[in-house]
Amino acid sequence: PADTIDLAHVAFRVGKPQFDAIVDRLRGLAIPFGNQHDDTRNGRTEDFEPGGTGRIYFTDENGHLFEVVC
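What counts, and at which threshold
Residues numbered from 1 in each chain as written. Predicted model: local features only at pLDDT ≥ 70, side-chain atom pairs only at ≥ 80, totals over all residues. Heavy atoms only, no water. Helix = DSSP H or I, 4+ residues; strand = E, 2+ residues; numbered from the N terminus. Buried < 20%, exposed > 50% of the residue type's maximum accessible area, 1.4 Å probe, protein only. Contact = heavy atoms within 4.5 Å. Expected span 1.5 Å × (residues − 1). Arc of directions from axis to C-beta. Pairing = 2+ DSSP bridges. Axes fitted to C-alpha atoms, helices over the stretch in contact; angles between N-to-C directions.

Asker: Please clarify how the environment of C70 should be interpreted in this entry.
Answerer: Here C70 shows up in the segment after β3 (65-69). C70 sits in the buried class, given a relative accessible area of 11%. Note: C-alpha distance between C70 and F19 (51 residues apart in sequence) is 6.5 Å. Those residues within four positions of C70 in sequence are excluded, and the remaining contacts are V14, G15, K16, F19, D47, G52, T53 and G54.

Asker: How should I be thinking about helix α1 (residues 16-28) in this particular structure?
Answerer: Counting along an α-helix, one turn takes 3.6 residues, and residues three or four places apart therefore face a common direction. Relative to the 18 Å expected for 13 residues at 1.5 Å per residue, α1 spans 18 Å between its end C-alpha atoms, a close match to the ideal helical length. Those residues of α1 not exposed but buried are F19, V23 and L26. The buried residues of α1 all sit within an arc of 65° when viewed along its axis, so they share a single face. For α1, exposure combined with an orientation more than 90 degrees from the buried face picks out P17, R25 and G28. Residues of α1 that are buried in the fold lie against β2 (55-59) and β3.

Asker: Just checking my understanding: could you explain the sheet that holds β2 for this structure?
Answerer: In sheet architecture, strand pairing relies on hydrogen bonds along the backbone and comes in two forms, parallel and antiparallel. Taken in spatial order, the three strands line up as β1-β3-β2 in an open sheet, and their pairing is mixed. Pairing within the sheet leaves two strands with one partner each, and these edge strands are β1 (9-13) and β2. Taken pair by pair, the neighbouring strands of this sheet meet at an average axis angle of 15°, ignoring direction. Of the strand pairs in this sheet, β1 and β3 are connected by five bridges, and their pairing is parallel.

Below, the structure is given as structure tokens:
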């Protein structure tokens, strides 16, 4: 066991059907998410980068930041 855990940022690029399924699953599990890395609870999915169709960030119970982009 470690005394401390270094926080990590893990990113995934997925297709639109997978993105929609992930968002639905997070909603079903009542896990907050958002489309900004510094606001992971705003519930939005729009991608702020040009050409993207969706982006979400959420954290796990250890504080690791997950990003899903399509």
